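A closer look at the structure
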Amino acid sequence: THLSMDRNRKWVPGFGAVLLTLLSHMTSALEVPLDLPQPPTIILQSPKDYIFDPRENIVIHCEAKGKPHPSFSWTRNGTHFDVEKDSKVLMKPGSGTLVIDISSERAEAYEGTYQCIANNEHGTAVSDSIVIRQSRSPLWSKERNEAIMVQKGVSLVLQCRPPAGLPPPVIFWMDNNFQKLPLDKRVSQALNGDLYFSNVLPEDTRSDYICYARFPHTQTIQQKQPISVTVLDSNPEGERRPGFMLPLGTTSTKMVLRGQTLELECIAEGLPTPDISWQKEGGELPSNRVSYHNFKKTLKISDVNENDAGNYRCVATNNLGTIHHTIKVTVKAAPFWVSIPRNLILAPNETGVLTCRVNGEPKPRIDWFVNGIPIENTPEDPSRKVEDDTVILSNVQSGSSAVYQCNASNEFGYLLANAFVSVLAEPPRVLTPPNQVYQVITNSPALLHCASFGSPIPTITWFKDSQISIRNTDPYVIHENGTLEINVAQPLNSGKYTCIATNNLGIKENHVFLEVKEPTRILKQPEYKVVQRGMSAVFECKVKHDPSLIPTMTWLKDRGELPDDERFEVDADSLTIRDVTDDDKGTYTCIMNTTLDQDSASAMLTVVEATPTPAIVYEKPDPPTDLELTDQTERSVQLTWTPGDENNSPIEKFVIQYGDLLHQPGVWTNLTEVPGTSTTAQLHLSPYVYYSFRVLAKNRVGYSEPSQSSRQYRTNPAAPDENPSGVQGVGTEPGNLVISWTPLTGLQSNGPGLEYKVQWRQKDVEKEWSAQNVANVSQWVVSGTPTYVPYEIKVQAFNDYGVGPEPEVAIGYSGEDLPLSAPESIQVMVHNSTLAEVHWEPISPPSVRGKLQGYKTDQEMQVLTFSGNRSEGRLPGLQPYSVYSLSIRVLNNKGEGPSSQSKTFETPEGVPGPPSFLNVINPGLDSLTLEWGPPINNNGRLTGYILKYQPVNNTSELGPVQFMTFLANETTITLSNLNSSMLYKFYLSAKTNKGSGPIITEEAFTVMHTTHTRPTVEAGKGNPINTSVSEDSAVISWEYFGHHKNVYVEYIVENSKEEWKKEFANGSHSHTIKGLKPGTSYRVKVIAKDAADPTVHSTDEMLVTVPAVASRQVDIATQGWFIGLMCAIALLILVLLIVCFIKRNKGGKYPVKEKEDAHQDPEIQPMKEDDGTFGEYSDTEDHKPLKGSRTPSNGTVRRDESDDSLVDYGEGGDGQFNEDGSFIGQYSGKKEKDTHEGNESSEAPSPVNAMNSFV
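All values derive from a computational prediction rather than experimental measurement. (Residues numbered from 1 in each chain as written. Predicted model: local features only at pLDDT ≥ 70, side-chain atom pairs only at ≥ 80, totals over all residues. Heavy atoms only, no water.)

A sheet is described by the order of its strands in space; here three strands give the open sequence 87-88-91, paired in antiparallel fashion. The two strands at the open ends of the sheet, each matched to only one other strand, are strand 87 (1025-1029) and strand 91 (1070-1074). When strand polarity is set aside, the average angle formed by the axes of neighbouring strands in this sheet is 20°. Relative to strand 88 (residues 1033-1038), strand 87 is paired through five bridges, and the arrangement is antiparallel. In the strand pairing of strand 88, Asn1026 is matched with Ser1037. (Pairing = 2+ DSSP bridges. Helix = DSSP H or I, 4+ residues; strand = E, 2+ residues; numbered from the N terminus. Axes fitted to C-alpha atoms, helices over the stretch in contact; angles between N-to-C directions.)

Under the criterion given, the structure shown has 18 aromatic pairs. Here the aromatic rings of Tyr788 and Tyr813 are separated by 4.8 Å at their centres, their planes lie at 20°, and the arrangement is stacked. Residue Tyr788 is found in the loop between strand 69 (779-783) and strand 70 (790-799), and its partner Tyr813 is found in strand 72 (residues 810-813); the two are separated by 25 residues along the sequence. Take Tyr788: its relative accessible area is 22%, and that puts it in the partly exposed class. With 5.1 Å between their ring centres and 50° between their planes, Trp840 and Tyr855 make a pair best called tilted. Here Trp840 is found in strand 74 (residues 836-841), whereas its partner Tyr855 is found in strand 75 (residues 852-859), with 15 residues between them in sequence. Comparing Trp840 with Tyr855 shows no difference in burial state: the two are buried. For the cation-ring pair, Lys296 lies above Tyr292, with the distance from its terminal atom to the ring centre recorded as 4.6 Å. Above the plane of the ring of Tyr618 lies Arg700, whose end atom (NZ or CZ) is 4.6 Å from the centre. (Phe/Tyr/Trp six-rings, centres within 6.5 Å; stacked < 30°, edge-to-face > 60°. Buried < 20%, exposed > 50% of the residue type's maximum accessible area, 1.4 Å probe, protein only. Lys NZ or Arg CZ within 6 Å of the ring centre and 35° of its normal.)

If you walk through the whole model with that rule in mind, you get 43 salt bridges. Glu281 is the partner of Arg313 in a salt bridge, and the nearest nitrogen-oxygen pair spans 3.4 Å. Of this pair, Arg313 sits in strand 27 (residues 310-318) while Glu281 is found in the loop between strand 24 (275-280) and strand 25 (290-293), placing the two residues 32 residues apart along the sequence. Taking relative accessible area as the criterion, Arg313 reaches 25% and is therefore assigned partly exposed. Judged by its relative accessible area of 34%, Glu281 is partly exposed. Notably, a salt bridge pairs Lys856 with Glu896, separated by 2.4 Å at the nearest N-O pair. With Lys856 in strand 75 and Glu896 in the loop between strand 78 (883-892) and strand 79 (903-906), this pair connects stretches of sequence that are 40 residues apart. Overall, Glu896 belongs to the partly exposed group, its relative accessible area being 32%. One salt-bridge network, in which partners are shared between bridges, spans Asp35, Glu426 and Arg429. (Salt bridge = Lys/Arg side-chain N within 4 Å of Asp/Glu carboxyl O.)

Let's shift gears to the nonpolar core. Core analysis: the biggest nonpolar cluster contains 30 residues, and Ile58, Ile60, Trp74, Ile100, Tyr114 and Ile132 have the highest contact counts within it. At the level of elements, strand 2 (49-52), strand 3 (58-60), strand 4 (62-67), strand 5 (71-76), strand 8 (98-100), strand 9 (112-120) and strand 11 (130-134) are the ones that each hand at least two residues to this core. The element that contributes the greatest number of residues to this core is strand 9, accounting for three residues. Residues contacting Ile58, with those up to four places away along its chain left out, are Tyr50, Phe52, Leu98, Val99, Ile100, Ile102, Tyr110 and Ile132. (Core = buried A, V, L, I, M, F, W, Y, C linked by side-chain atoms within 4.5 Å. Contact = heavy atoms within 4.5 Å.)

This brings us to a negative patch on the surface. Residues Glu619, Asp622, Asp645 and Glu646 make up a contiguous surface patch of negative charge. With respect to the helices and strands, Asp645 occurs in the loop between strand 59 (636-642) and strand 60 (653-660). A relative accessible area of 45% means that Asp645 is categorised as partly exposed. (Patch = residues over 30% accessible without salt bridge, like charges linked within 9 Å, V, L, I, M, F, W, Y side chains within 5 Å. Areas by Shrake-Rupley, 256 points an atom, 1.4 Å probe, with all protein chains shown as cover. Lys, Arg positive; Asp, Glu negative; His and termini not counted. Charge placed at Lys NZ, Arg CZ, Asp CG, Glu CD.)

What follows is about the environment of Asn723. Mapped onto the elements of the fold, Asn723 is located in the loop between strand 64 (713-714) and strand 65 (725-730). According to the relative accessible area criterion, Asn723 is buried, its value standing at 15%. Each C-alpha atom, one on Asn723 and one on Tyr756, is 8.6 Å from the other, the two residues being 33 residues apart in sequence. Apart from the residues lying within four places of it in its own chain, the contact partners of Asn723 are Leu744, Val795, Gln796, Ala797, Gly804, Pro805, Glu806 and Pro807. From its side chain, Asn723 meets the backbone nitrogen of Ala797 in a polar contact 2.8 Å long. A polar contact of 2.7 Å, which involves the side chain of Asn723, links it to the backbone oxygen of Pro805. (Polar contact = N/O pair within 3.5 Å; in protein donor to acceptor, adjacent residues only side chain to side chain.)

This next bit is on the sheet that holds strand 49 (residues 529-532). The strand order across the open sheet formed by five strands is 49-57-56-52-53, and the pairing between neighbours is mixed. Lying at the two open borders of the sheet, with one neighbouring strand each, are strand 49 and strand 53 (560-561). Note: strand 52 (residues 552-557) against strand 53, two bridges, orientation antiparallel. By the bridge assignment, Lys557 is partnered in strand 53 with Gly560.

Attention now moves to the state of the cysteines. Inspection of the entire model under this criterion finds six disulfides. The disulfide bridge from Cys266 ends at Cys314, spanning 1.9 Å between sulfur atoms. Across the S-S bond of Cys266 and Cys314 the torsion is about -70°, and the bridge reads as left-handed. With Cys266 in the loop between strand 22 (262-265) and strand 23 (267-271) and Cys314 in strand 27, this pair connects stretches of sequence that are 48 residues apart. Each member of the pair, Cys266 as well as Cys314, is classed as buried. In this model Cys450 forms its disulfide with Cys499; the gap between the sulfur atoms is 2.0 Å. With the S-S bond torsion at 70°, the cross-link from Cys450 to Cys499 turns out right-handed. Placement of the pair is Cys450 in the loop between strand 40 (446-448) and strand 41 (452-455) and Cys499 in strand 46 (residues 495-503), with a sequence separation of 49 residues. Each member of the pair, Cys450 together with Cys499, is buried. (Disulfide = S-S within 2.5 Å.)

Moving on, we get to the UniProt feature "transmembrane region" (unreviewed entry) in the chain. What UniProt calls "transmembrane region" (unreviewed entry) maps, in this numbering, to residues 1121-1142. From the first C-alpha to the last, residues 1121-1142 spans 32 Å; its make-up is 100% helix and 0% strand. (UniProt positions renumbered as here; feature names shortened; annotations may be inferred.)

The subject of this paragraph is the environment of Gly910. Looking at the element boundaries, Gly910 is found in the loop between strand 79 and strand 80 (915-921). A relative accessible area of 6% places Gly910 in the buried class. Separated by 86 residues in sequence, Gly910 and Ser996 have C-alpha atoms that sit 9.2 Å apart. Gly910 has contacts with Ser833, Pro880, Asn938, Asn939, Thr992 and Lys994, leaving out every residue within four places of it along the chain.

Take a look at the structure:
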């Protein structure tokens, strides 16, 4: 089948125009020779919209070709137009072109829609529908323009409203003297012709504003009545923000068709005159298609496409503000071709496809016609199938030729295309003239044509010198139309070429000739000349060219002809200027032309008054010239050149580079270097390389520019000189061997058809080599190999011209598998608490099943790897006093083997880690309580703790160190007899039998019973303040580390309007306020300030209540009634004991005995006579005030809660008194509860009991 008759190349949009031009003749539709039968083809027709001048004849073109030559007829407005009946209408002979004489007729009578029909016995072709309309230039309607009077500064519009012409007229404004009115950004003409003033000025006053309309077809000009404008200055308009005169409002719409030019217009008024700018919302304006007109008031975008749709914003700005208007642009499209139907030439029984692909917006409708008749109205044809935009013709027969029309239309237009289907059986014929000679320059592309025709379409083959078959491979390309292209023509490509066209009906050949010529080159260029006035200047221009081409030498001065002056003498290779004058300075260029190419070079002439003595300037050398290749052999060539100017620095060396157009086009590589005194080099070459050479010169300044490249020199192919490098064999999985190598480069291949012979055999086992030939790869996988055995490997290169040298043998190993067994006889030697050493017996090499990488130990959470073939290793970083379970695995490249039996070992004790925490709680006036936690890592059996502490004074000096030890179960201690308001530093460490571990430290102040308040202090200078009260005084303490030296304590009676009392604190951290009234509440704060700094730093106010003092009580221990009462109670107890004793002897038990049995454990009953604490301190007692403690929040003291009653302190003797009658436990119970806030138990055991609990 020959569907290629309708095959279309799909070009990427924006593809280079040069390539399109070069190949256009290769992609055009197949032309049928006119001596063969064929349906009509329209070759010329008038445009779809034809506007005629009524002063001239109407000429409607319609030309067509076909065999036999077609006859023509016309329709007008859809019905047959009988040309012969109208004497004014003439159809040209042999053509369908109509000539209508309207000189004495009304031209309107011939307006309408015409269509040309071309017909012969093989089909009917139709032209486009051609709309014929008469051009019109109507007169302006009569009107009287009122004179316009406006105040200075206001905006103004002068309307033109020209008559509607066909085509529309061109509008411009002039005065009575036919002078165009000046336009600027203030005064501008809109697209509709109206004249807009953004603001008027007095100079705008005139009486001859005249709008003119020029009608292009008739070349007539119509004039509107003049408009008079007077600008008054009596009440001028002031400055104002911009406002839009055109278009109105904030938004408008615009529709444009694809391919047309989009014109958007914004005209604004305002004072000062606004500036207009444009932008597209959400995108950029197409810079290559956008243009601005009318002082940026008009934006034009040419060749509109779908991407130009969107919102465009024009912005008007002056110094008083900005305003914008948005124009929504929509892009529609009349139908346009994606793929136009092509003529089909089919042989009998072939199948073809007609494709009519169009696009548009909205989507076009496609209608098919056959010989001008809708396809649905034609007789049904079983060989024809219509699928929307495609017609498929199957198994066509002779006599079924026809012309198909595709009509694509939407509301914006239509497209019509004719494509004939011609069924022919025709032997091949070559249309290219025979024995044509093609001449090209070396390294240029050559195109040898072989245009042919036949049905079926002939197959084209090419031969060189009548015997060498040309394949579609480098450097040859055979195009679809038969043209042979040689990318880079070389002299060896010269010769006779034969193209043969073949189909099943015959064969036809044609001969053409290619001559590849040497390029024209200027060997010695003219040089820059500085010549004294009156002397002679000589420019040399020596040229080398192909001897078969006739050269022409031309000299130019400043790109123009030489002056017609006998002082200028032109010889074969030079230009001489005698008696130089100042006018002779300039640039002189020699141009050597041949019929195929040219070369040129220029030099400048400077004319001076006297010969200057220039300073020596050192520059890099000029590039070498005149590169020539001689003594050419298969593997070497001699290169000669002419050195360029040294530029005052001797040439040190020449570098010769080569380029390989076959393997690495565009890349230049250093080949060799020669000394600066040489001008020749013997170059050693490789086979199968398209060499070009160039030379660079080097002096002490640097390298010159490269020379022009030499002519191309191609070396013949040969067998490879070397084999691939980097040959190795590595197994990637059990049972395989991957043989890899570094492939040869194109330069190393030495010829086409490069392949590799891969050979392998098992070392010391197999005698015969296994082999495999591969190409275009760099590895080969051998399967079914034993596990990890050595192989001998070699890789040999060969090409179409032979094999490379004998390759060297490399050793590789097949794939590994996991080890089979585990190490045995594991022994562990423990060196210390953190280091051990392990020994084992290595496994046998066959069990490794791969390359031994080492051994891996796994003990608890620690994994260690020992590289290499070893039998021992150290285990660092162990945890002291721990039990470890150790196992060992074997490692190879595949992975780990099975685990050995576990070996258990223990590490000895070590020193413990630091205690987990150290906290200071319950700070008192002279005591601090410490609590701590055991170490996270005991590293042995914990034997106790060591505590050191020492005071720190205000100058950070350390006092004497106190030392204490504790048992392992003791984690708290209360330190007493400390200094008040003193900072202490504590050091705590744990210990085992191995010694003490690291210490942790903590610091704390001693204070009195306090309530902590967090004040708000500026600049972060403050810390919490503490208070302690007695009967008539209060101690205020704080921490402050600011730079202020003056610290004051201020206080005032609560709810008093008196002034604050202030006492200087003397730079300390505590102060005692004396003389306070018992039972009174005071507001207290601490402030810090300095005379040089006005900022006052202050704590929050805190309420301090001084307790009410009960009346002095007599010591009841000295009262007689008390003594008598005590004696009575003792006697009663004695009687009860006697009774209990009697009852016990009788075998009975009393509740008193049970209670005594329940309280025999001193830790369960914490009441002791010597511990100074009380045990069962219930919640009901928490609210009762103790002597020296803070009163309840209401600030009152109830008389029935005085300290002279034992009932206030619980049952029996749970409380104790000192000799002076004060209560010893007054702080312990409450303070412990405050400290352990949230503890569900109300019991607060003393520090002594806490220590006893660890014993």
